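Chain residues, written in single-letter form:
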Amino acid sequence: MTYLTRFSLPSVGQEAGFLSGNFENKRTCYTSRYPFGVFLGREVPALELEPMTILCGGNGSGKTTILNLMGEKLGLRRGTVFNRSSFFGEYLKLCRTETAPVFRKAKENSRVITSDDVFDYLLDLRYVNENIDHRRKELLEEYADARYARFQMRSMEDYDRLRQVVDAQRKTGSRYVRDRVMNDVAEKSNGESAFAFFTKEIREDGLYLLDEPENSLSPQLQRELVSFLEDSARFYRCQFVISTHSPFLLAMRGAKIYDLDSVPVQPCRWTELEHIRAYWQFFREHQGEFEA
């Protein structure tokens, strides 16, 4: 499914016209004109988007900037804040989007997901885990006290204590604790938790802008994320626009890749990307070590 069909940055003439008419009046107050100038001389065409579109390029190539512009232009939900300079709103007015009619219904499920969102989620889990660890210690002390207590029920007011003593005497300490806390949260690694974040946030019938989703994921989990994203696009009517350096994501079936380092910017095959060629050359140089 394709909800966002086309996205256009301001033309060179539009940028020049705005800056000549406005920037001189503001330059005494602001030192940055971002995002004006980021794409000047880069010859970025209108981006024709597919169910799976990938933006690739080095640091400073504008991958994240384009995702932020898309997200703001469409009014998508997002978690963490991003760099909104004094000129971001003016630049945004000059951008253009074209969407399919079905986007109105899909907008509720659509959102921007950044590596900062994943990081914040992991911090939240760490906080929960620390509290769970503290609670476990309390419950083990409670278990020991109840299991070896000399207790005799004297009235109905003692009923809760009786249940606690009986429960402790029937169970091992680990079972007693496990039945009272979330026993699986603390057992996941950061990578597993990061992967779980994507499966939790991505629903059917939605447009998702993903900024470097491979962060925090091992190679194996990146491959699992690829399968999840491919299935979501193929069977659950999702569209993805992704900024990434990951060779696993770049090799996704049917993905349309824009190389933001090329001039002019144009679609390419993932095997033509400079950093992928660098990986290939590196492994060829060490091929004998793999075969040894």
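Model, not experiment: these values are computed from the prediction. (Residues numbered from 1 in each chain as written. Predicted model: local features only at pLDDT ≥ 70, side-chain atom pairs only at ≥ 80, totals over all residues. Heavy atoms only, no water.)

The next point concerns the overall build of the protein chain. Helix and strand counts for the protein chain come out as 12 helices and nine strands. In the protein chain, which comprises 292 residues, the share counted as buried stands at 41%. The long-range fraction of contacts in the protein chain, counting pairs at least 24 apart against all pairs at least 6 apart in sequence, stands at 75%. Total accessible area on the protein chain stands at roughly 16800 Å², and carbon and sulfur atoms take up 48% of it. (Helix = DSSP H or I, 4+ residues; strand = E, 2+ residues; numbered from the N terminus. Buried < 20%, exposed > 50% of the residue type's maximum accessible area, 1.4 Å probe, protein only. Contact = heavy atoms within 4.5 Å. Areas by Shrake-Rupley, 256 points an atom, 1.4 Å probe, with all protein chains shown as cover.)

Moving on, we get to helix 9 (residues 219-235). Over its 17 residues, helix 9 extends 24 Å from the first C-alpha to the last, a length consistent with the 24 Å expected when each residue adds 1.5 Å. Of the positions making up helix 9, those classed as buried are Leu221, Gln222, Leu225, Val226, Phe228, Leu229, Glu230, Ser232 and Ala233. In the segment just after helix 9, Arg237 is the residue with positive phi, at about 60 degrees. (Expected span 1.5 Å × (residues − 1).)

The subject of this paragraph is the sheet that holds strand 4 (residues 96-99). The strand order across the open sheet built from three strands is 2-1-4, with neighbouring strands paired in antiparallel fashion. The outermost strands of the open sheet, each flanked by one partner alone, are strand 2 (47-48) and strand 4. (Pairing = 2+ DSSP bridges.)

Taken in spatial order, the six strands make up an open sheet running 5-6-7-3-8-9, and their pairing is mixed. Single-partner strands in this sheet number two, and they are strand 5 (111-113) and strand 9 (266-268). The mean angle between the axes of side-by-side strands here comes to 25 degrees, regardless of whether they run parallel or antiparallel. Relative to strand 6 (residues 207-211), strand 5 is paired through three bridges, and the arrangement is parallel. Looking at the pairing, Ile113 lines up with Leu210 of strand 6. Strands in contact with helix 9 are strand 3 (52-56), strand 6 and strand 7 (239-243); relative to strand 7, the strand with the most contacts, it is inclined by about 145 degrees. (Axes fitted to C-alpha atoms, helices over the stretch in contact; angles between N-to-C directions.)

With that out of the way, let us pick up the state of the cysteines. Scanning all chains against the criterion turns up zero disulfides. No disulfide involves Cys56; its sulfur sits 7.3 Å from that of Cys268, the nearest cysteine. (Disulfide = S-S within 2.5 Å.)

With that settled, consider unusual backbone geometry. Cis rather than trans, the peptide bond between Tyr34 and Pro35 has omega equal to 5 degrees. Mapped onto the elements of the fold, Pro35 is located in the loop between helix 1 (12-26) and strand 2. Cis geometry is adopted by the peptide bond preceding Pro264, which originates at Val263 and carries an omega value of 0 degrees. Looking at the element boundaries, Pro264 is found in the loop between strand 8 (256-259) and strand 9. The phi dihedral of Asp205 is positive, around 60 degrees, even though this residue is not glycine. Checked against the element boundaries, Asp205 lands in the loop between helix 8 (190-201) and strand 6. On the basis of relative accessible area, Asp205 is assigned to the partly exposed category, the value being 25%. For Arg237, which is not a glycine, the phi torsion comes out positive at approximately 60 degrees.

Between helix 8 and helix 9, the least distance of the axes is 10 Å, while the angle of their chain directions is 10 degrees. Overall, the two elements helix 8 and helix 9 adopt an arrangement that is roughly parallel. Residue-level inspection shows Gly191, Glu192, Phe195, Phe198 and Thr199 of helix 8 in contact with helix 9, the latter providing Leu221, Glu224, Leu225 and Phe228. For the contact of helix 8 with helix 9, the per-class residue count stands at five nonpolar, two polar and two charged. (Parallel < 35°, antiparallel > 145°, perpendicular 65-115°, else oblique. Nonpolar A, V, L, I, M, F, W, Y, C, P; charged D, E, K, R; others polar.)

The end-to-end C-alpha separation of helix 8 is 17 Å, in line with the 16 Å expected for 12 residues at 1.5 Å each. Buried within helix 8 we find Gly191, Ser193, Ala194, Phe195, Ala196, Phe197, Phe198 and Glu201.

Another point: the environment of Pro247. With respect to the helices, strands and loops of the structure, Pro247 is situated in helix 10 (residues 247-250). Separated by 24 residues in the primary sequence, Pro247 and Arg223 place their C-alpha atoms 9.8 Å from one another. When near neighbours in sequence (up to four residues on either side) are disregarded, Pro247 contacts Trp270, Ile276 and Tyr279.

For the coordinates displayed, the defined rule picks out 11 salt bridges. The partner of Lys93 in a salt bridge is Glu90, with the nearest N and O atoms 3.7 Å apart. Of the two residues, Lys93 and Glu90 both sit in helix 3 (residues 88-94), three residues apart, roughly one turn of that helix. Residue classification places Lys93 among the exposed positions, given a relative accessible area of 53%. For Arg111, the salt bridge identified is with Glu201, shortest N-O distance 2.7 Å. (Salt bridge = Lys/Arg side-chain N within 4 Å of Asp/Glu carboxyl O.)

Right, let's get into the pairing of strand 8. The alternating pattern of strand 8 places Lys256 and Tyr258 and Ile257 and Asp259 on opposite faces, both of which are buried. Sheet topology places strand 3 next to strand 8; four bridges connect them, and they run parallel. Bridge pairing in strand 8 places Leu55 opposite Tyr258. Hairpin remark: strand 8 followed by strand 9, antiparallel, with six residues in the connecting loop.

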